[in-house]
Number of protein chains: 2
Amino acid sequence: MTSVTSTERHTPVQSSILNSARAEVERHGILGLRVADVARGANCSITQIYRYFGDRDGLLAAVLGDVYEELVQTSFDKYMEYIRSLDVITVDDLVNTLPTPTQLAAMTSQEVRLQILAVSVKNSQLRTRIEDFSRAMLDQWNMGLDEIEAHLEPGVRLDRRIFTIMILVQTMYYRTLLGDVGFTDAEYQQFLRDKFTL
Amino acid sequence: MTSVTSTERHTPVQSSILNSARAEVERHGILGLRVADVARGANCSITQIYRYFGDRDGLLAAVLGDVYEELVQTSFDKYMEYIRSLDVITVDDLVNTLPTPTQLAAMTSQEVRLQILAVSVKNSQLRTRIEDFSRAMLDQWNMGLDEIEAHLEPGVRLDRRIFTIMILVQTMYYRTLLGDVGFTDAEYQQFLRDKFTL
């Protein structure tokens, strides 16, 4: 059984299993993945899947771990790419680039993350992988904040603790559930603007 | 097919189906519920389950909706019960009574909530029920905050917007995933203390 880290090179069979599993997840959702369907899509046997990934949980850990890391890393990379394009960074730049409750794409990504996190509660391989990735992501945010602070507009001091806590604990799904009675994008951004600085 | 609201009276068969489903969820987790197991536990047929609850999604919506509402309502009730026992409420009272990252019971409840929310992404009956409950819960919080403000220590003004946003958007699961490198209970409480007041 191979490790589930994404950095590892995959054999052609492993890759076609992972591609098939990814397609199944996109078609039927994360919670209903069947190993038999994955085997059919990859033109391999269920036994082969078990040989490479141990069991259904191992397969899920590999596929969902990849999806999770891609979603989070892409969103971080886009954020930093925009921030790095600025000579002087204002608090508005920091706030307006973060996802807000009513952005459809961001909320779809939140729903996928939520489902993957829910699976990780009982899938210890997936949980370990997401734990490792979350710690690496925290390091990336800290390095990103170093860059941000080096280019902040004069006189502004960032409250890194707030920035980090807000990024760490929030899921917008609760907000989404409230519909019209939840806070607005404008209220949320004003809140971030007020609290991100010292 | 009956409504999935918890306020409705259940027939004996419906109750035994719901009890059996609840026991299955506790035994095998939320994501793996099988209707055949529920039928066996309730001494009824799968057809009867479908007659009362429409389909597997309808059954899940009823059971998980009940569990979700109980968890959130109980936690709110306990919070308000403590707060109401105080003659004068300090900011420390408000902060120290909220769950912190390292409380095992609170985190188990978070994990169950996370799993139920993940199911609600694709189960529209469950999602509608949780949406309705979330709005009712927001009303309860607003009434609770009225009570709190009426007994706050002199000179303290609560920032209701922050209190509500923090309660609405946070899931501690992200924090849990970070283990030792995440913020501490003390840091989290200091953050709440600093930000809850105007």
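Residues numbered from 1 in each chain as written. Chains lettered and ligands numbered in written order. Predicted model: local features only at pLDDT ≥ 70, side-chain atom pairs only at ≥ 80, totals over all residues. Heavy atoms only, no water.

(A) Just the overall build of chain A, in detail. Helix and strand counts for chain A stand at ten helices and zero strands. Here chain A holds 198 residues, and the buried ones make up 51% of them. The contacts of chain A with a sequence gap of at least 6 include a subset with a gap of at least 24, amounting to 71%. When the accessible surface of chain A is summed, it comes to about 9,300 Å², and 50% of that surface belongs to carbon and sulfur atoms. (Helix = DSSP H or I, 4+ residues; strand = E, 2+ residues; numbered from the N terminus. Buried < 20%, exposed > 50% of the residue type's maximum accessible area, 1.4 Å probe, protein only. Contact = heavy atoms within 4.5 Å. Areas by Shrake-Rupley, 256 points an atom, 1.4 Å probe, with all protein chains shown as cover.)

(B) The packing of helix H1 (residues 12-28) of chain B against helix H3 (residues 46-53) of chain B, seen in detail. Residue and element names in this part refer to chain B. Closest axis-to-axis distance for the H1/H3 pair is 11 Å, and the angle between their directions is 105 degrees. Between H1 and H3, the interaxial angle falls into the category roughly perpendicular. Listed contacts from H3 to Val 13, Gln 14, Ile 17 and Leu 18 of H1 are Gln 48, Ile 49, Tyr 52 and Phe 53. For the contact of H1 with H3, a count of residues per class yields six nonpolar, two polar and no charged. (Axes fitted to C-alpha atoms, helices over the stretch in contact; angles between N-to-C directions. Parallel < 35°, antiparallel > 145°, perpendicular 65-115°, else oblique. Nonpolar A, V, L, I, M, F, W, Y, C, P; charged D, E, K, R; others polar.)

(C) Seen up close, the side chain of Ser 120 of chain B. Within the fold, Ser 120 of chain B resides in helix H6 (residues 104-122). There is a polar contact of 2.6 Å between the side chain of Ser 120 of chain B and the backbone oxygen of Leu 117 of chain B. (Polar contact = N/O pair within 3.5 Å; in protein donor to acceptor, adjacent residues only side chain to side chain.)

(D) Region of interest: the interface of chain A and chain B. The partner chain B presents 42 residues to the 42 residues of chain A that form the contact. Together chain A and chain B conceal approximately 4,200 Å² of surface at their shared face, both sides included; 69% is due to carbon and sulfur atoms. Applying the counting criterion to the chain A and chain B interface returns two salt bridges. One salt bridge connects Arg 127 of chain B with Glu 111 of chain A, and the closest N-O pair in it is separated by 3.1 Å. Looking at the side of chain A that touches chain B, the elements that each hand over two or more residues are helix H6 (104-122), helix H7 (124-150), helix H8 (160-169), helix H9 (173-178) and helix H10 (185-196) of chain A. (Buried area = accessible area lost by both parts, 1.4 Å probe. Salt bridge = Lys/Arg side-chain N within 4 Å of Asp/Glu carboxyl O.)

(E) Summary view of the relation of the copies chain A and chain B. Superposition of chain A onto chain B requires a rotation of 180 degrees combined with a translation of 0.0 Å along the rotation axis, giving an RMSD of 0.0 Å. The symmetry that links the two subunits is that of a two-fold axis. A symmetric contact is evident, with 100% of the interface residues of chain A recurring at the interface of chain B. (Least-squares fit on C-alpha atoms with pLDDT ≥ 70 in both.)

(F) Local environment of the nonpolar core. Counting 114 residues, the largest nonpolar core has Ile 148 of chain A together with Ile 148 of chain B as its most contacted members. Apart from the residues within four sequence positions on either side, Ile 148 of chain A is in contact with Tyr 79, Met 80, Ile 83, Ile 89, Leu 94 and Leu 158 of chain A. (Core = buried A, V, L, I, M, F, W, Y, C linked by side-chain atoms within 4.5 Å.)

(G) Geometry of the packing of aromatic side chains. Residue and element names in this part refer to chain A. Scanning all chains against the criterion turns up six aromatic pairs over all chains. Note on Tyr 68 and Phe 133: the rings are 6.2 Å apart at their centroids and 85 degrees apart in plane angle, and the pair reads as edge-to-face. Of the two residues, Tyr 68 is situated in helix H4 (residues 56-84) and Phe 133 in helix H7; the sequence distance between them amounts to 65 residues. A relative accessible area of 2% places Tyr 68 in the buried class. In this structure an aromatic cluster arises from ring pairing among Phe 76, Tyr 79 and Trp 141. Stacked on the ring of Tyr 52, the Lys or Arg Arg 51 has its end atom at 5.9 Å from the ring centre. (Phe/Tyr/Trp six-rings, centres within 6.5 Å; stacked < 30°, edge-to-face > 60°. Lys NZ or Arg CZ within 6 Å of the ring centre and 35° of its normal.)

(H) Inspection of the packing of helix H2 (residues 35-42) of chain B against H3 of chain B at higher detail. All names here are of chain B. Interhelical geometry of H2 versus H3 gives an angle of 100 degrees and a closest axis separation of 9 Å. Relative to H3, the element H2 lies roughly perpendicular. Residue-level contacts link Val 35, Ala 36, Val 38 and Ala 39 of H2 to Ile 46, Ile 49 and Tyr 50 of H3. Among the residues forming the contact of H2 with H3, the class breakdown is seven nonpolar, no polar and no charged.

(I) Spotlight on the pattern of salt bridges. With the rule as written, the count across this model stands at 22 salt bridges over all chains. Across the pair Asp 146 of chain B and Arg 160 of chain B runs a salt bridge whose closest N-O atoms are separated by 2.8 Å. Of the two residues, Asp 146 of chain B sits in helix H7 (residues 124-150) while Arg 160 of chain B sits in helix H8 (residues 160-169), which places them 14 residues apart along the sequence. Given a relative accessible area of 44%, Asp 146 of chain B falls into the partly exposed group. In this structure, a network of salt bridges that share partners links the residues Asp 66, Glu 69 and Arg 129 of chain A.

(J) Focus on the side chain of Asp 93 of chain A. Residues and elements named next belong to chain A. Examined against the element boundaries, Asp 93 turns out to sit in helix H5 (residues 91-96). A polar contact is formed between the side chain of Asp 93 and the backbone nitrogen of Thr 90, at a distance of 2.9 Å. Contacts of Asp 93, omitting those with residues within four sequence positions, involve Tyr 82, Ile 83, Leu 86 and Val 88.

Nothing here speaks to function; it is geometry throughout.
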